[in-house]
Structures are given as structure tokens and as C-alpha cells.
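Survey of secondary and tertiary structure
Letter by letter, the chains look like this.
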Amino acid sequence: MHRASLVCSSYPVFLSPSSPRLPLSLPLQHQLPRSLPASFGVQLPSTSPQIYRHAVSLLHSSATQEIVETSASGLDFVDVGYVYSVHGLQGEISVKPSTDFPELRFTTPGTRWLRQQVLGRETIREVKLIDGREHPGQKSWILTFEGIDTVEQARPLVGSTLLAREGDRPELEDGEFYTRDLVGMRVVMKETGELVGTVVNVFNSGANDLLHVMCYSSVNVIEGSEEASSSASDASGRLVWIPFVEEIVPIVDMNGREMQITPPKGLLELNLRTDERSKKERRQLEWKERKKFQKRLIAAKKKLREMEQQHVFHGFRFGEKYQTSLLANHIVGINSKLLQQALQNIEIPSKRWNATELMNATKAELMISSLKISGEGSLGPCARAKKVVTNSSLQKKGNHLVSEGKKAMVLVVHNSEEGNECDPHSVVSESTANKSLALLQTLLSDDQRFVKIENRASMPLVLVLPALEMQMLEKLFLDNDHFAFDSKKVWFLEEEKLPIVSRSPTEQNKFKILMKSPWETLQAPVGSGGVFSLLSSHNIIKNLDELGVEYIQICTANPRNAIGNSMFLGFVKSCGADIGFQISEYAKHSEERFNTMLSMNVMKKLTNHINKLEFYATPKLNSHVEKVDKEFIDVIPAAPNSYELRSSIYSCLNACSLDKVCVMEITE
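Attention here is on the structure that accompanies the text. All values derive from a computational prediction rather than experimental measurement.

1. Description of helix H7 (residues 321-333)
With 13 residues, H7 should cover 18 Å at 1.5 Å per step; its first-to-last C-alpha distance of 18 Å lies within 8% of that length. Those residues of H7 that fall on the buried side of the exposure criterion are Tyr322, Gln323, Thr324, Leu326, Leu327, Ala328, Asn329, His330, Ile331 and Val332.

Written out as C-alpha cells, the structure reads:
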């Protein structure tokens, strides 16, 4: 939950030369959540002031939201928390922190301030903090104020923003900076001294800290002109993102109000707005995009009302503007059609396919063909097919299809540890994310187990991954010249998610979306079956069909999968199958380890008829918030209280008969 302005932020930025140097990334516009309108290209979801750490982990930027505000009396305040409920019967209140210094702000007795809306007017009230303690198991704090001793006295404080004096901010050590001090600094090229622009804002994208720099119109590093102007009047209004890491911003001169950068080739051009429209025209376009977003929000709210999920809207009556905007984004981002399908599956369960069921069907000879090969790719002794083929002929047939651009590949990248399901509440750790990218880079660089270099330019590639890994993966592709793939045929998609639900205690077939906070729904990844919904919603199947693609391979991105082996494609083609599965010992025991080949015909059927997908509900224990009377309370269950809705890649077997399915089994 973030604010839109951090011009006056008091957050420190830490410069740590000893920090690990990690791959960098940029927030391209299409990386924004699907619920965020394109007009918000310069207002990323995390638009609040935060603590920014220079050159620390891209995955943990220890964000805070201490926003400097000025009262009528001339005092500057920082936003340190939000009062969201009453705790207990003694007048204590629960606060969601928006600061990196919770111990300082919430445990040190002294004067604080509460900002409230009273009769439509904003007021700032002085209060005396007596005591504070962290709420065990919750990301909140319980505070006691002088003179607030009962529930009745505490309840009117709910909805207030807790403030502290800006002058009380901690002193910083050498190499540390506050965000507000970075805004307005000049940005120049270290090697040439050319002026790039001025820092107008600082953001945390969820993966790394970013400088938002307004460029000057004559900057030759971007537009190829002769000389860079030093006049602020030459500002073009063009904005670029620059990752705030030591490799790119090695020198920050606070006294000279200047930072020197050494950007890699192509960085400044990567997210530069290229249109030459006037400011008025851009504002008109932004207004149209906002109107589109409002229409989408109205439609999404209507769908939720039809599903009797009006409780999701409660947060609109509380909190700050950035919090209600966050709620709007969450609502628009809910795939209501997919959610309805998943809930129907819970009520009327269908046959659930998995690797074991598939192998049983193979043994019963219900499928068009099966083939067993060794891990090295040689035919095994129990190869069985209607048409006798050889190893070399299958390989040759597959290679020909790939070289002709008849196959596309969808790689699904997981951020969880191998063998474990994704935790929807976990933050992608540095080690886990780096491991995922390292495994993927190993796979992409392997000419034997992956697609051969000479065939990559003709093969479209789609990557499905968690949102927090998106930017790093795009940077990885940029740094490696897209691993020889055609950049115009590469797509990056955020994995599909659905809200976590609980079952009504009184009505068996009624479910309720759970809330992480008054402005956030609890969500969990759908699983590998969500790929079909993603490909449909982004019109990628249509694009691939226009490119002449006949087969689409969907597989886990792991070097243990010989996913580039053209024999699999040749086998599916030779059998005349619509669906092919490659199964190994590695994949038998997990639904999230898979390698499947689907014909374009069956892909169209799946993406046009999502009801062919099957879902199952996994009982889980999830803490959440609920609105009781006029306040939100934390619910901490002692037993599983909710369901995470998941779908497997094996759902595709519902889209065609088994006599159009083939299996290639890889033995150890």
C-alpha cells in the first residue's frame, strides 16, 4: 500500500559497497499489474516514499512509507502508520506500520499526532504515546495513548493516520541518504560528464529501488544529438527509470547535488517514452485511460456483487487515497470468470488428472500411442506406436517443424523451492529468486537440452513467472541478447492468481473472498493450469496462430527437463495426437513438474472454453482481516480455515478424447 508522491519523503537510502551485485531490471509498462491502467505508467503500484537501499538485494528493499506533510502550524510530519482497529477492552489500538523504524515510532513514549477527517475537514490532533508492543504473528503494533482507556474512546480513532515529527528522523551513517534529498539532483554520465536529467522521484518496484529521471531534450546518449544542455529549461518531460544500485550509480555527491551514472548499453532507451505528443495530448490520453479503468472497475464490482462478495468493497470507506486505489486495482485484477469456474468445480468435483492417472491410462492402452526412451534419448525396449518410427526420423521431423517456426514454447518459472508449493504470502527471497534465474539461465544456455541456437530466432517464446521476478528476467534477456530469440516474439506474463476463499459455516455452497487487509485480497497462484487463462486473456494464442504455429510446448523451466529435445515434437506429430506428455521419474511426483505438447486446435479449444479446466481446493490456514461492526479485526485461525483454488496442466486432458493423446516416458 503506497502513496503517489514521495517528493517530501524522509526515507533514507543506504549506500553499501559491500552489498552483493545482482542482475538489474527495469519496469516496462507491460509489467504493470493487469489491473493498473496504462496511463499510470509513471505511477507504479508502489508509489509511496520508502527507505531505499543503494546496492542491496533487489528483492528486499526494506520499504517504508514515512511521508512528510506540513500542518497549518508549519510543523512537518511523517506518516508512520494507520489505525485500523481497536484492540481489546482497555482502549488500545492496532496500527499497521508504514515506517522502517517501528521500534522508534511505536515503543518510545512521547508526543504523536493523529490526522483525521472530521465533518469533511482534515484535522491533526496531538496525542501522548504511553506504550507500544508488536502484535505477535501479525504485521501490526498495539499502542496505548494517554486518556484513551475504553473501547468507546478508542473507536473514533480508527481510520486515523499516525504521524510523528519529521525532525525526529534518525541520524544516518556515512553512505546513507534520505529519499527527499535525492529528488532534484542532477544525473550525469560518469565517463563524459554529459547531463542526462534530474531526479524527479524515487520508487520501489517490489524488486529494486528506482530513480525516476526527467531527461533533457538534447541528451545525446538518448537521442543522438551533439551536445547535452545544462539548462533546466531544456527538460523534455521524457522520463526514464534508472535502477539505484552501485553498479549503475557509483557516485552520489550530496554537496554538489549530483549523481554520476554508468548505465549499461540500452538501459536509458529501454523504457523511454518515444511519442512526440504534446503535454496536453498526453493528459487527454491519460484521462481516457482513467475512464477506461473506471469502466473496468464498475464492471468488476458488478461481477462481485453478483457473486455476493460485497464485503470486498468495505475498504473504500476507510483509509487514504492510495489505499483505496490499491483496493480498486485488486478488484479489477480479479478474474471473476475463472473464480466462478473454480468455485463450481468445488461444488461439483470432476475427474482430476495427474501423472499417475495418465500412466495408468497408458498401461491400459487407452491412448493413441506411447513411447519409452532412455534419459539419453534412445528408444527403449517397450516402444509402442501405431506407426513404426526410428529415433532419427522423430528427431528429424521435430527439427524440421521447429526450423519452420511451427512450434512455440511456454516456459513456466517457479519461485518456490523445488518440490514445494508456492506460499502466497511469502516474499521472494534473494536466494530463491537467484536460484530460479540461475536455473533458467543454465537451461537457456544449454544448446543440447534446450532449443538449438540456430532454431531460436524462428520459435516464439512465452515466459510465465511471479511478478517480483519479472523485471530481473527481462534484464537477464536484455543482457544476453535474448538468448538468440527474436525479441519481437518473446512475451513475459505474470502468473495467474485467484483469491483465497473460506466456506460459509451456514451455507455449504457459499464462499467468501478473504482479505489480507481492508484494501488487499488474499491471493494464491492458480498453478500450471492457469497458463491457459493467461494465454487467452493476452491474445497470445491469436498471435501465435497468425505466425503459423501448429504446436505449443508448455513446460517447467528446469535443466532436468530435456525440453528442447525435438524427438518429443516429432513423436506427437507422427502420432497425429492433439496432446502429448513427456513424463520422467522427476515429474511423476509433482503436478508442477511437467512437459506437454498441444496442437493449436486444442489450445484454441481450451482458451476459448475455460470451463474445460478443472480446479481443486486445497485447505489452508490463512490469517486475514474481517470487518466487525465499524472496525476491522485480525482473524488468526488455529486450524485450516480457507481454500486455495488450483488447477493443473493435466486439465487439458478434458479437452479431447484419450485416443488423441500420446505419452513419451523417459526412463533413468
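Having seen the model, we can carry on.
2. Considerations on the nonpolar core
Generally speaking, soluble globular proteins have nonpolar side chains that are buried together. One finds Phe532, Leu535, Ile552, Ile554, Ile579, Phe581 and Leu598 to be the most contacted residues of the largest nonpolar core, which totals 73 residues. Both domains that meet at this core, namely domain 3 (285-332) and domain 4 (355-416 + 432-501 + 525-621 + 648-666), each give it at least three residues. Filtering out sequence-adjacent residues up to four positions away, Ile579 remains in contact with Thr596, Met597, Leu598, Val602, Cys652, Leu653, Cys656, Lys660, Val661 and Cys662. Counting 39 residues, the second largest nonpolar core, distinct from the first, contains Met470, Met472, Cys575 and Cys662.

3. As for the pairing of strand E31 (residues 624-628)
Of the strand pairs in this sheet, E31 and strand E32 (residues 631-635) are connected by five bridges, and their pairing is antiparallel. If you follow Glu626 over to E32, its bridge partner there is Ile633. In textbook terms, the turn of a hairpin is the stretch between consecutive antiparallel strands, and for E31 and E32 this stretch comprises two residues, one of which, Asp629, has a positive phi near 60°.

4. A few points about the packing of helix H14 (residues 530-537) against helix H18 (residues 600-608)
Viewed as axis vectors pointing N to C, H14 and H18 meet at an angle of 90°, and their least axial separation amounts to 8 Å. Taken together, the axes of H14 and H18 are roughly perpendicular relative to one another. Where H14 abuts H18, its residues Phe532, Leu535 and Ser536 lie against Met603, Leu606 and Thr607. Each residue belonging to the contact of H14 with H18 can be placed in one class, and the counts come to four nonpolar, two polar and no charged.

5. So, the pattern of salt bridges
Tallied over the entire structure, the rule returns twelve salt bridges. Glu258 is paired through a salt bridge with Arg186; the nearest N and O atoms lie 3.5 Å apart. Placement of Glu258 in strand E16 (residues 258-261) and of Arg186 in strand E11 (residues 186-189) is noted, with a sequence separation of 72 residues between them. Look at the salt bridges and you will find they share partners, linking Arg115, Glu122 and Glu320 into a network.

6. Points about helix H9 (residues 355-363)
An α-helical segment advances 3.6 residues per turn. Residues three or four places apart therefore align on the same side. For H9, every residue scored as buried is listed here: Ala355, Leu358, Met359, Ala361 and Thr362. For H9, the buried positions fall inside an angular range of 155° around the axis, keeping them on one side.

7. Brief notes about the packing of aromatic side chains
Across all of its chains, the model carries eight aromatic pairs by this definition. Ring plane angle 45° and centroid distance 5.7 Å describe the contact between Phe106 and Trp141, whose orientation is recorded as tilted. Remark: Trp141 occurs in strand E8 (residues 141-145) and Phe106 occurs in helix H1 (residues 102-107); sequence separation between them is 35 residues. Owing to a relative accessible area of 0%, Phe106 belongs among the buried residues under this scheme. Since its relative accessible area comes to 6%, Trp141 is described here as buried. Ring geometry for Phe450 against Phe485: centres 6.1 Å apart, planes inclined by 65°, an arrangement best described as edge-to-face. Remark: Phe485 occurs in the loop between helix H13 (467-479) and strand E20 (490-494) and Phe450 occurs in the loop between helix H11 (430-444) and helix H12 (453-456); sequence separation between them is 35 residues. Look at Phe450 and you get buried, because its relative accessible area is 0%. Here a set of aromatic residues connected by ring pairs shows up, and it is made of Phe477, Phe483 and Phe492. Above the face of the Tyr84 ring, Lys96 is positioned so that its terminal group lies 5.0 Å from the ring centre.

Definitions and limits used
Residues numbered from 1 in each chain as written. Predicted model: local features only at pLDDT ≥ 70, side-chain atom pairs only at ≥ 80, totals over all residues. Heavy atoms only, no water. Helix = DSSP H or I, 4+ residues; strand = E, 2+ residues; numbered from the N terminus. Expected span 1.5 Å × (residues − 1). Buried < 20%, exposed > 50% of the residue type's maximum accessible area, 1.4 Å probe, protein only. Core = buried A, V, L, I, M, F, W, Y, C linked by side-chain atoms within 4.5 Å. Domains from an automatic or database assignment. Contact = heavy atoms within 4.5 Å. Pairing = 2+ DSSP bridges. Axes fitted to C-alpha atoms, helices over the stretch in contact; angles between N-to-C directions. Parallel < 35°, antiparallel > 145°, perpendicular 65-115°, else oblique. Nonpolar A, V, L, I, M, F, W, Y, C, P; charged D, E, K, R; others polar. Salt bridge = Lys/Arg side-chain N within 4 Å of Asp/Glu carboxyl O. Arc of directions from axis to C-beta. Phe/Tyr/Trp six-rings, centres within 6.5 Å; stacked < 30°, edge-to-face > 60°. Lys NZ or Arg CZ within 6 Å of the ring centre and 35° of its normal.

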